[in-house]
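Letter by letter, the chains look like this.
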Amino acid sequence: MPEIKITPLGAGQDVGRSCILLSMGGKNIMLDCGMHMGFNDERRFPDFTYIAPDGPLTSYIDCVIISHFHLDHCGALPYFTEMVGYTGPIYMTHPTKAIAPILLEDMRKVAVERKGESNFFTSQNIKDCMKKVVAVTLHQSVMVDGHLEIKAYYAGHVLGAAMFWIRVGSQSVVYTGDYNMTPDRHLGAAWIDKCRPDLLISESTYATTIRDSKRCRERDFLKKIHECVDRGGKVLIPVFALGRAQELCILLETYWERMNLKVPVYFAVGLTEKANNYYKMFITWTNQKIRKTFVQRNMFDFKHIKPFDKAYIDNPGAMVVFATPGMLHAGLSLQIFKKWAPNENNMVIMPGFCVVGTVGHKVLNGAKKIEFENRQTVEVKMSVQYMSFSAHADAKGIMQLIQYCQPKNVMLVHGEAAKMEFLKEKIKKEFDLECYMPANGETCVVSTSMTIPLDVSLKLLKTEAQKHNSLPPDPKRPRVMHGVLVMKDSSMCLMDVDDACKEAGINRHLVRFTSTLRMEDPGPASKTAEKLLHLIKTRLKDWHVQLTEGSISVESVLVKVEGSEEEQKNVYVSWDNQDEELGSYILGLLKTMGH
């Protein structure tokens, strides 16, 4: 049986550093190439020595597919292509191709220029890496080579995020990357065909969560911010430059407008200005409402939200600040957090998932003191709130996707082991599907059934349809097609017998079977024939039965009665090999009458 092999180099029972090796039909595909936000040493990148101990990896990998621009999915790409060595094709959507290099450059600056790290890629590496990228459009079928085909589907989550359907021969896999099954204020919900892949590889960040109604969460979010600024406190909202940032800005902007609030709201610029320009550029990737209002005004031109300057950190009075990055692991959001954390009037609202090891993860777990590398400790007296505005599918969404695309097997990645285990059992129970959850470095082998594609001649299809339509409707009746399987070059076709003979240049031979029955029936043979005709007609109502020159014919089946006026009659039943079933049925019918 053909097999599909999957080995996670990252995101196996873990969130962060997504990188999955997929082997099927003799092709090797790398799905995402991310970095881990919780580590500052070599563990941040996937272990590429697993593929080959050293040297370039182009000969081992047929293509790389990047699902979206978040760094835990594309952060190791320049390292992989320029430092490890890979010159093959890399596929991603147009928005991902536009935005990924900006985020990579920003991360490089933080790591190299601020933290002084070595063994890191350069700005030139990022540019050279992006030259290898082939941008794909949604639903466009791309042939990587003669056998490997890929197609992207809309995944929601962030601008440009896509799920990928991958096919080699008769085997197919769907890789979801990160996706969101509920539409939000600026993006639509994920969507995919009923493509019935052999394997669905799904993220499972929120494997055990079923989120409450979005409206309640939004009301709660606005209420908490309003209460905090009313008492003169400062609110920090750590976000990633694209995605939740735009979502929450639209929410806050409309609330400030409605309530006529005067408290300043800032957005740490830099990345975000560029980001909003990309939202304007790729407006077709956003949802219906934004596209509609785009003609009158751009939803990303904010009236109440102003660019932030570092000098504002120590300003007195209330303010709301959106700052990057979202997990408080570096950058401006961490700088502001250090300044504001000791004041109990202030508040930090974490709107998304935080990876183990980040400051965000520590404060969410109730840490009251946080130590930093330079022996600096910060007391956390500010209010810490967690509100999931995360753009990942929850348990309900994952089950929904399985129902949509009807896979034969499911694999969970990008989640925590205990939560995955729970969802795995649920999937097995509800869908009766085999579900896998390999750890990093563990290879999973999925056996797939062999399907052989073949063409059917038009003549054969028409004949079958005619026959089917002439019978009374019955949804349970199987539709059987009789023909000859002709193999020519590497393709196969089911043909009508005469056409197949013509194609092969041979004369057609017919085999006829004849069976003789003895029947006790006084009177002339013609009378017996009429009785048989009546019997066959009543039993085969939908068939064309006729009596000509003493013989009854149904399709190729002939029934002939011979014998003198005495009781003993010989009944001959003969048929062609193609009407074997019908001939046997009529013969059985006459036998019962003979008795």
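As a reminder, the structure under discussion sits directly above these lines.
Overview of the structure. (Residues numbered from 1 in each chain as written. Predicted model: local features only at pLDDT ≥ 70, side-chain atom pairs only at ≥ 80, totals over all residues. Heavy atoms only, no water.)

Things to note about the packing of aromatic side chains
On inspection of all chains with the given rule, the structure shows 17 aromatic pairs. Consider the rings of Y255 and W256, whose centres lie 6.2 Å apart with planes at 55 degrees: the pair is tilted. A single burial state applies to Y255 and to W256, both of which are buried. A connected cluster of aromatic rings, assembled from ring pairs, spans F45, F48, Y79, F80, Y86, F120 and F121. Positioned above the aromatic ring of F45, the side-chain terminus of R44 is 5.7 Å from the ring centre. One cation-aromatic arrangement involves K151 over W165; the distance from NZ or CZ to the ring centre is 5.7 Å. (Phe/Tyr/Trp six-rings, centres within 6.5 Å; stacked < 30°, edge-to-face > 60°. Buried < 20%, exposed > 50% of the residue type's maximum accessible area, 1.4 Å probe, protein only. Lys NZ or Arg CZ within 6 Å of the ring centre and 35° of its normal.)

A word on the side chain of S202
By the secondary structure assignment, S202 is in strand 11 (residues 199-203). Accessibility expressed as a relative area gives 1% for S202, which makes it buried. The contact partners of S202, leaving out residues within four places of it in the chain, are T176, Y179, I398, M411, L412 and V413. (Helix = DSSP H or I, 4+ residues; strand = E, 2+ residues; numbered from the N terminus. Contact = heavy atoms within 4.5 Å.)

Notes on the pairing of strand 13 (residues 265-268)
By the alternation rule, side chains of strand 13 split into V265 and F267 and Y266 and A268, which are all buried. As paired strands, strand 13 and strand 14 (residues 305-308) are joined by four bridges and run parallel to one another. Among the inter-strand pairings, F267 is bridged to a residue of strand 14, identified as P307. Direction of pairing for strand 13 relative to strand 15 (residues 319-323): parallel, over a ladder of three bridges. Across the sheet, F267 pairs through a bridge with F322, a residue of strand 15. (Pairing = 2+ DSSP bridges.)

Comments concerning helix 4 (residues 123-130)
All buried positions along helix 4 are accounted for by N125, I126, C129 and M130. In an axial view of helix 4, the angular spread of the buried residues amounts to 130 degrees, which keeps them on one side of the axis. (Arc of directions from axis to C-beta.)

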